[in-house]
Amino acid sequence: MTEITGITNKLLTVNVSQKSWEVKRIAESNRKTYLGGKGLGLKIYYDTFRDRLAGIDPLGEENPLIFMAGVFTGTGAVCSARFAGITKSPQTGIMITSSCGGPFGGALRTAGYDGLFISGKSESPLYIEITSDNVIFHDAEKIWGLDTEETQKVLGLSRKDGELVIGPAGENGVLYANIKSGHRFLGRGGMGAVMGSKNLKAVVVRGRTYKVRPANKKLFNKVRNRASRFIAKNEFSDKYRSFGTAFNVLPGIKAGYVPVTNFKYRTDDRFKLLSGEAMAEKYGTTSSSCIPCSIQCGHKGTFPDGTVKQIPEYETTGLWGPNIDNYDPDKIGEWNLLMNRFGLDTISTGGTVSWAMEAGEQGIRKTELRFGKTDNISKIIEDIAYRRGEGAELALGSRNLSSRYGGKDFAIQIKGLEMAAYDPRGAWGQGLSYAVANRGACHLSAFPLAMEVLFGFLNPYTTKAKAFWVDFFENFYAALNSLQTCQFTSFAYLLEPFPVHIFPDFLLKLAMQYFPAIAVRFLNFGVLNQTWESITGIKLSQKDFLRAGRRIHLLERYMNTEMGISRKDDTLPGRFLTEADTNHPVKKAVNLKPMLKTYYKRKGYDEHGRPGKKELASQGIDVAYCDRKE
Ligand code: SF4
């Protein structure tokens, strides 16, 4: 098999209007500064539309779907099967980036491409087949209307292939439709609707033409062994391997970060019935993960009807469990499967349905949906996917619905994206992170909840040091996610290396809470920059890596401000700012204002929440300032 050393810098661009394609070069100069994956995809989007970012219609012909493999993808690096999707979101109207562990990324890399840029709109349904030297446009009339599983079956996929498919939700333009690859998803922000708007049912890459070889094999192997050792030693990696992300249920009940009754309450003991531990026992779970992965948080299990189903993630479990007053895991498994087949984001669908339940209870909108009533849920999921009856309206998401009917304080969304299953009243840093995250109410942007609750390094109910750590982790994760390695590796990579692992817990807590600027200097995440360096053959220090993360985050923020985001959007749903009295013993609402003020200062944003010219210039970001009045 022919070998590729490191990266190819080849971007395959496909226009589905003209049914044409060409291979373009990715500028070498952007490689070290934007790393790859998500970072490079944002830069490509920006360079294409820099003077008219606001004017791009997310469901219009021009809006491209960009898919980028990371430098790590296809090399066999630990937990690095992932790839990124980048586009302007029809749900939020700003940039959306999403990471997926399906086989598409590896296939793209081993077909000889680092990225794929799809633009245009076909007159009739089609699917694309990509090989290392050709792109074939197939008629998709016969498969239009199939669900994601049926579509995958008729595509005749082999082990060498990687695919992207949409279900009926994407075809019908549900604003939070997703894209499936293998059994994983580009979940958030409605990328499936963008693909559907192009009449594009599927993309298949016939991969494994090339073998991807690191530029420095000796260094690569050395760092890979170190990375595997850290993961093998790490307690949290082990818990996710044993119980999946629903391991987060039990700590959440105690800490009070779980969503109950549309986030009205933040704890409920009955949630134990849906914990990762309970599901492992009930369904006899086994691994069903992204490949390759040494953490393996994904699981499948045998349900009472004898079928083997994917076990829902923590997010799905929270939003379709206590958040709608349901404690039956069999039902969540069934709805999860339905949403996966229709191609719906389980978080946004859940958040929209729970808003409708509360709106119905308050009498501001007519509906049969009620908390605790589960017999009409399968039907409403199907109706959303096909935009039928009440589903046609729910397909617009909770922000649009609350603008139409009222009930904004309990529309649990930020910038149009429904919130993941962590109540920020149980972790104030998480509240700040949600409020300012580039893609909306995203839990993964900085995920300070891990430090506030899971590791217990920070007091969850203070504003102290939160802006510092949110800023740091935004930069860190923007870089890590641009490598397309899994974010869950970060626990092992940050906690296991010397010197952090020898620090007693009390010392770590003290340093992180009161002396964050000193504590941060002890972090050693050399595994990440050294793996990148070993593959590309380009020197990258830990400092360069973090600087790239800061640059990527800032560029995305800048693009979003050009698309209309400002300080008014950096907030939390009213419920979290005013309703302190939940059923948790600690009765406090999130004190967002002081954290936000310090955060803006750290980021170099002006009073409107826009990155200042000086800050952008210092990161080497050359901006267009489209419609901006200084
Ligand atoms: S830890 Fe989970 S999400 Fe991450 S790569 Fe492994 S299976 Fe995928």
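Note that residues are indexed from 1 along each chain, following the sequence as it is written. In view of the model being predicted, local features appear only for residues whose pLDDT reaches at least 70, and side-chain atom pairs are presented and counted only at 80 or more, with totals across whole chains, interfaces and linings using the full set of residues. Side-chain metrics in this entry use all non-hydrogen atoms of the structure; hydrogen atoms and water are not considered.

Asker: Would you mind showing me how to read unusual backbone geometry here?
Answerer: Trans is the prevailing form of peptide bonds, just as negative phi is the prevailing case for residues other than glycine. With omega at 5 degrees, the peptide bond leading from F498 into P499 counts as cis. Elements are defined by DSSP. Helices are runs of H or I of four residues or more, strands are runs of E of two residues or more, and each kind is numbered from the N terminus. Along the polypeptide, P499 turns up in the loop between α20 (489–495) and α21 (505–514). Even without being a glycine, N199 presents a positive backbone phi close to 60 degrees. In this fold, N199 is placed in the loop between α6 (191–197) and β13 (200–206). Exposure is judged per residue with a 1.4 Å probe applied to protein chains only, and the accessible area is read against the type maximum: over 50% gives exposed, under 20% gives buried, and values in between give partly exposed. According to the relative accessible area criterion, N199 is buried, its value standing at 17%. At N262, a residue that is not glycine, the phi angle is positive and equals roughly 55 degrees.

Asker: Even after reading the chapter, I still don't get the packing of aromatic side chains, so can you show me in this structure?
Answerer: Note on aromatic pairs: each is described by the distance of the centres and the angle between the planes. Stacked, tilted and edge-to-face are the three classes assigned to paired rings of Phe, Tyr and Trp, where Trp is represented by its six-membered ring and a pair needs centres within 6.5 Å; plane angles under 30 degrees give stacked, over 60 edge-to-face, the rest tilted. Applying the stated criterion to the full structure yields 37 aromatic pairs. With 6.2 Å between their ring centres and 90 degrees between their planes, W428 and Y461 make a pair best called edge-to-face. Residue W428 is located in helix α17 (residues 428–436), and its partner Y461 is located in the loop between α18 (449–454) and α19 (466–482); the two are separated by 33 residues in the primary sequence. Take W428: its relative accessible area is 8%, and that puts it in the buried class. Taking 6.0 Å as the distance between ring centres and 80 degrees as the angle between the ring planes, the aromatic pair formed by Y599 and Y605 counts as edge-to-face. Judged by its relative accessible area of 8%, Y605 falls in the buried class. An aromatic cluster of three or more residues is present, and its members are F468, W469, F472, F473, F476, Y477, F525 and F545. By definition here, charges over rings are those cases where NZ of Lys or CZ of Arg is within 6 Å of the ring centre and within 35 degrees of the ring normal. The ring of F236 has K239 lying over it, and the distance from NZ or CZ to the ring centre is 5.7 Å. Here the basic side chain of R567 rests over the ring of Y600, its NZ or CZ set 4.6 Å away from the ring centre.

Asker: Honestly, the sheet that holds strand β15 (residues 286–287) in this entry has me stumped. Any pointers?
Answerer: Note on pairing: two strands pair once DSSP finds at least 2 bridges between them. Across the sheet, which stays open at both edges, the 3 strands sit in the order β15-β16-β17 with antiparallel pairing between neighbours. Every other strand in the sheet has two partners, leaving β15 and β17 (308–310) as the edge strands with one partner each.

Asker: Which parts of the structure should I look at to understand the domain arrangement of the protein?
Answerer: Buried accessible area, meaning the area lost when the parts come together, often serves as the stated size of an interface. An automatic or database domain assignment supplies the residue ranges for each domain. By domain assignment, the protein separates into domain 1 (2–213), domain 2 (244–406) and domain 3 (424–618). Each of domain 1 and domain 3 has a C-alpha centre, and the two are 28 Å apart. Two residues qualify as a contact provided that any one of their heavy atoms is within 4.5 Å of a heavy atom in the partner residue. Taken together, the contact between domain 1 and domain 3 spans 43 residues of the former and 33 residues of the latter. A quick way to say it: buried area is the sum, across both parts, of accessible area lost when two parts are put together, with a 1.4 Å probe. Surface buried jointly by domain 1 and domain 3 totals about 3200 Å² across both partners, of which 70% is contributed by carbon and sulfur atoms. In terms of surface lost to domain 3, no three residues of domain 1 exceed K32, L35 and F72, which account for 23% of the buried area on that side. Going through the elements one at a time, α1 (29–34), α2 (37–49), β4 (65–69), β5 (83–88) and β6 (95–100) are the ones with two or more residues in the side of domain 1 that touches domain 3.

Asker: Explain helix α12 (residues 329–342) to me, please; I cannot follow it from the model alone.
Answerer: An α-helical segment advances 3.6 residues per turn. Residues three or four places apart therefore align on the same side. Expected span, for any helix, means 1.5 Å times one less than how many residues it has. Its 14 residues give α12 an end-to-end C-alpha distance of 20 Å, which sits within 8% of 20 Å, the value for a rise of 1.5 Å per residue. Those residues of α12 not exposed but buried are P329, I332, G333, W335, N336, M339, N340 and F342. Looking one or two residues beyond α12, the residue adopting positive phi is G343, at roughly 85 degrees.

Asker: Looking at this structure, how should I read the pattern of salt bridges?
Answerer: Note on definitions: salt bridges are taken to be side-chain nitrogens of Lys or Arg within 4 Å of carboxyl oxygens of Asp or Glu. Taken as a whole and assessed by the stated rule, the structure comprises 45 salt bridges. Two residues, R206 and D161, come together in a salt bridge whose shortest N-O distance is 2.6 Å. One end of the pair, R206, is in strand β13; the other, D161, is in strand β10 (residues 161–165), and 45 residues separate them in sequence. A residue is classified by how much of its surface remains accessible, and D161, at 8% relative accessible area, is buried. Of the charged contacts in the structure, one is a salt bridge between E361 and K264, with a shortest N-O distance of 3.7 Å.

Asker: Where do I start with the packing of α17 against α19 in this structure?
Answerer: Each pair of packed helices can be described by the angle between their axes along with the distance between the axes. With axes taken as lines fitted to C-alpha atoms, and helix axes fitted only over the stretch in contact, angles between N-to-C directions fall between 0 and 180 degrees. Following both chains from N to C, one finds α17 and α19 inclined at 50 degrees, their axes separated by 9 Å at the closest point. On the basis of the axis angle, α17 is oblique to α19. Crossing hand, α17 versus α19: right-handed. Residues W428, G429, L432, S433 and V436 of α17 form the contact with α19, whose own contacting residues are K466, A467, V470 and E474. Amino acids outside the nonpolar list (Ala, Val, Leu, Ile, Met, Phe, Trp, Tyr, Cys, Pro) and the charged list (Asp, Glu, Lys, Arg) are all regarded as polar, and Gly is one of them. Broken down by class, the residue content of the contact of α17 with α19 amounts to 5 nonpolar, 2 polar and 2 charged. The cut-offs work like this: below 35 degrees is roughly parallel, past 145 is roughly antiparallel, 65 to 115 is roughly perpendicular, and the gaps in between are oblique. Note on convention: near helix rotated counterclockwise from far helix by under a right angle means a left-handed crossing. Clockwise means right-handed.

Asker: Is there a simple way to explain the side chain of Q619 in this structure?
Answerer: Here Q619 shows up in the segment after α27 (613–618). Among residues more than four places away in sequence, those in contact with Q619 are R547, R550, R551 and L554.

Asker: Just to check I follow, could you spell out the site of the ligand for this structure?
Answerer: Around the ligand, the surrounding shell consists of R82, R184, S289, C290, C293, I295, Q296, C297, G298, C486 and F488. Looking at side-chain class alone, the shell around the ligand contains 6 nonpolar, 3 polar and 2 charged residues. Only heavy atoms are used to decide nearness, and a residue is near a molecule or strand if one of them lies within 4 Å of it.

Asker: Even after reading the chapter, I still don't get the pairing of β5, so can you show me in this structure?
Answerer: On any regular strand, side chains alternate: one points to one face of the sheet, the next to the other face. The element β5 is largely enclosed, with a buried count of 6 among its 6 residues. Side-chain alternation along β5 places F83, G85 and T87 on one buried face and A84, I86 and K88 on a second face that is also buried. Pairing of β4 with β5, which is carried by 4 bridges, proceeds in the antiparallel orientation. Across the sheet, the residue bridging to A69 is F83, located in β5. As paired strands, β5 and β6 are joined by 6 bridges and run antiparallel to one another. Bridge assignment links G85 to a residue of β6, and that residue is S98.

Asker: I'm lost on the environment of L616 in this one. Help?
Answerer: You can see L616 is positioned in helix α27. Remark: the alpha-carbon pair of L616 and L554, spanning 62 residues in sequence, is separated by 7.3 Å. In this structure L616 touches L554, Y558, P611, I621, V623 and Y625, once residues within four positions along its chain are discounted.

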